[in-house]
Each structure stands twice: as structure tokens, then as C-alpha cells.
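Geometric and topological summary
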Amino acid sequence: MEALVELERIQTRILQRIANLELSLLPTGDSPLSTADTTTTTEDRLSAILLANGVRDFCFKRVASDYYDWPLEARRDVLGAASVHHLCKSIVMVNTQAPSNITDCSDRNNSKYYVVVVQYTARFNAETVKNFLYTLNDGKIAKKKFNMRLAPEETSVKLTGYEHNGVTCVGMKTDIPVILDEAITKLNPDFFWLGGGEIDLKLGMRTSEFIKFVKPFIVNCSGA
């Protein structure tokens, strides 16, 4: 059974690469990231962005509408993921104690918002992110000025353009800096799954290519 699941995953990725290659050969307007008039689906749009940024080892998979009611083991199986630890999520965090002049994401080192990518099997630790940002700014900003909390749903949608359970780091409306949990970089094999822009669309990607494209901060920000 495991062999069949793996074969299906490989076949899906091959077919996706063929589709992506065909897409990349289509006229794309003034910019490789231009999406308003050249793509028709979220999958097409994100594929074009990934390809334009040198990402090759990725695939999308549609899941059932009740996917999030399933146990992690069932989600793993339907995606063909290597383990439940390879299932990850992207959450938008807000610094509720940021100084009044910090209102957006223009300063990557001291942003009002961050997208944090963590495993479903891990527990996010906001305190470690607070300490990381304090150190990142060389201690020049008081530690009490960092207090990371989950952003309200409406804020997350406004910043990313994606609904809850569909958030992904690719093609967000706002260029929000990303924090990748260090545990994800240690996964074997190095291919993990996250949201794909829609609630029932999931995106699998080679970890090394994700890091090269997204350029996230890599932080040990979770516990088992």
C-alpha cells in the first residue's frame, strides 16, 4: 500500500511539472508575477510565481471539503506525505506591542506582522519568536515592545488574500516576512506540505527550494 501511495505521489508531481512547464511557455505580460489577466485558477497563479522564482520541485493536491475534520494520519495518506510531521500550516502573527510608528511590513527585522510556518504536530512558542526578534534588532528595541499573537482572521485575509486554512507564503497580497520553524528544515525527506491558497488546495514543496525562494528567518519556535 505504501508503495502505491508513493507511486501516486510521484505520478502527481510529474503531471504537475508537465502542466507547469506548459504554463510557463504561455505569454505572461509585462511581469512573470503578473497574474490578473494570465491565469484562471489559484493553482495556475501560484505555479507561475513559483516557476518564475526558480522553484521546480512542488505539486498541488485537492482535498475533500471535510479534510480538516480528519485525523493527521488520514491527511498524510491522502497527500502522500512522508509523515504527519511533514504537514505544516502558515499562521499570521501580529506584534501587539509594536511602537506606534510600526504599522506595516516594510522593516523585515521589525515588522508589525509575520507569517510563521510550523508543523501541525508541534506547539508554537511565541516567546522564542519574541526573543529572536529582540536579538535580531541587537537589543536596541526593548523586549517589552515584542508581543506576538495570532492576528485576527479579517487581518490575515486582508494581508494575505487567503482564507483560514488556505494561507500560503506564495503570492500573498502583502510582502510579509516569514519565519520557518527550524524543525521543518530537519525533516527527512525534505519535502513538506502547507496551504495552497484555497481551503481545499494543498501545496507540497522541497524545503531547500522553499527557503531559497521565500528567504525566511529560520527559528526554533516550537515544541513537541
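Heads up: these notes are all about the structure in this document. (Residues numbered from 1 in each chain as written. Predicted model: local features only at pLDDT ≥ 70, side-chain atom pairs only at ≥ 80, totals over all residues. Heavy atoms only, no water.)

**A look at the pairing of strand E8 (residues 201–206)**
Along any regular strand, the residues point their side chains to alternate faces of the sheet. Counting buried positions over the 6 residues of E8 gives 6, a clear majority of the element. Going residue by residue along E8, you find Leu201, Leu203 and Met205 tucked away on one face and Lys202, Gly204 and Arg206 tucked away on the opposite face as well. The pairing of strand E1 (residues 58–62) with E8 spans 5 bridges and is antiparallel. Across the sheet, the residue bridging to Phe58 is Met205, located in E8. Relative to E8, strand E7 (residues 191–198) runs antiparallel, the two sharing 6 bridges. Following the sheet pairing, Leu194 is matched in E8 by Leu203. Connecting E7 to the antiparallel partner E8 that follows it, the hairpin turn spans 2 residues. (Buried < 20%, exposed > 50% of the residue type's maximum accessible area, 1.4 Å probe, protein only. Helix = DSSP H or I, 4+ residues; strand = E, 2+ residues; numbered from the N terminus. Pairing = 2+ DSSP bridges.)

**What about helix H2 (residues 42–52)?**
Burial of H2 is extensive: 8 of the 11 residues sit out of reach of the surface. For H2, the complete set of buried residues consists of Thr42, Arg45, Leu46, Ser47, Ala48, Ile49, Leu50 and Leu51. Backbone geometry just after H2 places Gly54 at a positive phi near 80 degrees.

**Overview of unusual backbone geometry**
It is generally the case that most residues other than glycine have a negative phi and that most peptide bonds are trans. Cis geometry is adopted by the peptide bond preceding Pro189, which originates at Asn188 and carries an omega value of 5 degrees. Turning to its location among the elements, Pro189 is positioned in the loop between helix H6 (182–185) and E7. The phi dihedral of Asn165 falls on the positive side, at around 75 degrees, and the residue is not glycine. Looking at the secondary structure, you find Asn165 in the loop between helix H5 (153–160) and strand E6 (178–181). The exposure class assigned to Asn165 is partly exposed, which follows from its relative accessible area of 24%.

**Topic: the packing of aromatic side chains**
Counted according to the given criterion, the structure contains 6 aromatic pairs. Their ring planes at 90 degrees and their centres at 5.0 Å tell us that Tyr67 and Tyr68 sit as a pair that is edge-to-face. The structure contains a cluster of three or more aromatic residues connected by ring pairs, namely Tyr67, Tyr68 and Trp70. Over the face of the ring belonging to Phe217 we find Arg108, whose NZ or CZ atom lies 4.1 Å from the ring centre. The ring of Tyr134 has Lys143 lying over it, and the distance from NZ or CZ to the ring centre is 4.9 Å. (Phe/Tyr/Trp six-rings, centres within 6.5 Å; stacked < 30°, edge-to-face > 60°. Lys NZ or Arg CZ within 6 Å of the ring centre and 35° of its normal.)

**Looking at the sheet that holds E7**
Across the sheet, 3 strands lie side by side as E1-E8-E7; this open sheet has antiparallel pairing. Lying at the two open borders of the sheet, with one neighbouring strand each, are E1 and E7. Here the average twist between neighbouring strands, direction ignored, is 30 degrees. Sitting on the sheet, H2 is in contact with E1, E7 and E8, with an inclination near 170 degrees to E1. (Axes fitted to C-alpha atoms, helices over the stretch in contact; angles between N-to-C directions. Contact = heavy atoms within 4.5 Å.)

**A few points about the nonpolar core**
Grouped together as the largest cluster of nonpolar side chains are 34 residues, with contacts concentrated most on Leu50, Val117 and Phe210. At the level of secondary structure, the elements contributing two or more residues to this core comprise H2, E1, strand E2 (88–95), strand E3 (113–119), E6, E7, E8 and helix H7 (207–214). In terms of residues, this core owes the most to one element, H2, which gives 4 residues. Ignoring anything within four residues of it in the chain, the contact list for Val117 reads Cys88, Lys89, Ser90, Cys169, Val178, Ile179, Leu180, Asp181, Ile184, Phe192 and Phe210. Within the second largest apolar cluster, 15 residues are counted, among which are Val118, Ala126, Val129 and Phe217. (Core = buried A, V, L, I, M, F, W, Y, C linked by side-chain atoms within 4.5 Å.)

**Quick word on the sheet that holds strand E5 (residues 148–150)**
Reading across from one edge, E5-E2-E3-E6-E9 is the order of the 5 strands in this open sheet, with mixed pairing throughout. The outermost strands of the open sheet, each flanked by one partner alone, are E5 and strand E9 (217–219). Along the sheet, successive strands turn relative to each other by an average axial angle of 35 degrees, direction set aside. Relative to E5, E2 runs antiparallel, the two being bridged by 3 bridges. Bridging from a neighbouring strand, Asn95 pairs with Met148 of E5.

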